[in-house]
Amino acid sequence: MILRDKNETEERKLRAETIGELLKNMRQKSGLTQLALARKLTYSTAQFVSNWERGISLPPLDVLPKLCALCKISPKTLVQAIFDYQGELLKLEKRQLMAFINKSTARKRA
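Because the structure is a prediction, the values reported are computed rather than measured.

(A) Structural detail: unusual backbone geometry. Of note in the backbone geometry, Thr-42 takes a positive phi value of approximately 70 degrees without being a glycine. Counting through the fold element by element, Thr-42 comes out in the loop between helix H2 (34-40) and helix H3 (47-53). Positive phi is not limited to glycine here, since Lys-72 has a value of about 55 degrees. When you line up the elements, Lys-72 lands in the loop between helix H4 (64-71) and helix H5 (75-109).

(B) Spatial organisation of the pattern of salt bridges. If you walk through the whole model with that rule in mind, you get three salt bridges. With its nearest N and O atoms 3.2 Å apart, the salt bridge here joins Lys-91 to Glu-88. Separated by three residues within a single helix, Lys-91 and Glu-88 lie in helix H5, roughly one turn from each other. On the basis of relative accessible area, Lys-91 is assigned to the partly exposed category, the value being 46%.

(C) Summary view of the side chain of Glu-53. With respect to the helices and strands, the residue Glu-53 is situated in helix H3. Since its relative accessible area comes to 7%, Glu-53 is described here as buried. Residues contacting Glu-53, with those up to four places away along its chain left out, are Ala-16, Gly-20, Glu-21, Leu-23, Lys-24, Arg-27 and Gln-34.

(D) Fine view of the nonpolar core. Counting residues in each nonpolar core, the largest one holds 24 residues, and the members touching the most others are Leu-23, Leu-37, Leu-41, Trp-52, Leu-67 and Leu-78. For this core, the secondary-structure elements that each account for two or more residues are helix H1 (2-29), H2, H3, H4 and H5. Apart from residues no more than four positions distant in its own chain, Leu-41 is found in contact with Trp-52, Val-63, Lys-66, Leu-67 and Leu-70.

(E) Representation of the environment of Glu-10. By the secondary structure assignment, Glu-10 is in helix H1. In the structure, Glu-10 is positioned 72 residues away from Ile-82 in sequence and 16 Å away in space, judged by C-alpha atoms. Beyond its immediate chain neighbours, meaning those up to four positions away, Glu-10 contacts Leu-92 and Gln-96.

(F) Region of interest: a nonpolar patch on the surface. On the surface, Leu-97, Phe-100 and Ile-101 cluster together into a nonpolar patch covering about 290 Å² of accessible area. For Phe-100, a relative accessible area of 47% puts it in the partly exposed group.

(G) How the structure looks around the side chain of Ser-30. When you line up the elements, Ser-30 lands in the loop between H1 and H2. One polar contact links the side chain of Ser-30 to the main-chain carbonyl oxygen of Cys-71, over a distance of 3.0 Å. Excluding residues that lie within four positions of it along the chain, Ser-30 makes contacts with Leu-70, Cys-71 and Lys-72.

(H) Seen up close, the packing of aromatic side chains. For the coordinates displayed, the defined rule picks out two aromatic pairs. Aromatic pair Tyr-43 and Phe-48: ring centres 4.2 Å apart, planes at 25 degrees, arrangement stacked. An angle of 75 degrees between the planes, with centres 5.8 Å apart, marks the rings of Tyr-43 and Trp-52 as edge-to-face. Three or more aromatic residues link up through ring pairs in this structure, and these residues are Tyr-43, Phe-48 and Trp-52.

Analysis parameters
Residues numbered from 1 in each chain as written. Predicted model: local features only at pLDDT ≥ 70, side-chain atom pairs only at ≥ 80, totals over all residues. Heavy atoms only, no water. Helix = DSSP H or I, 4+ residues; strand = E, 2+ residues; numbered from the N terminus. Salt bridge = Lys/Arg side-chain N within 4 Å of Asp/Glu carboxyl O. Buried < 20%, exposed > 50% of the residue type's maximum accessible area, 1.4 Å probe, protein only. Contact = heavy atoms within 4.5 Å. Core = buried A, V, L, I, M, F, W, Y, C linked by side-chain atoms within 4.5 Å. Patch = residues over 30% accessible without salt bridge, like charges linked within 9 Å, V, L, I, M, F, W, Y side chains within 5 Å. Areas by Shrake-Rupley, 256 points an atom, 1.4 Å probe, with all protein chains shown as cover. Polar contact = N/O pair within 3.5 Å; in protein donor to acceptor, adjacent residues only side chain to side chain. Phe/Tyr/Trp six-rings, centres within 6.5 Å; stacked < 30°, edge-to-face > 60°.

Printed below as a string of structure tokens:
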């Protein structure tokens, strides 16, 4: 459970650093508050946008086109940010898997 919690924390941090920061910067440059953006996307509270920016969750796929238009993000830029996040996530998972395997084989040798 501790390993899983640590992994989720690292993934959340990665999401916040890649996609969350992009969304926050573009939202602010567009002059929108979290609540204003949420309402334009038909959400009732700013919590949804806050969660995306803090890396807790990602925007649903069906929201991405409207999000691009409202925040003045080119679809190419947003897709690249998502791909960058996925690439970094794969690297993180590889490091975690290698650490787990190395730890397991070290125990067996001991």
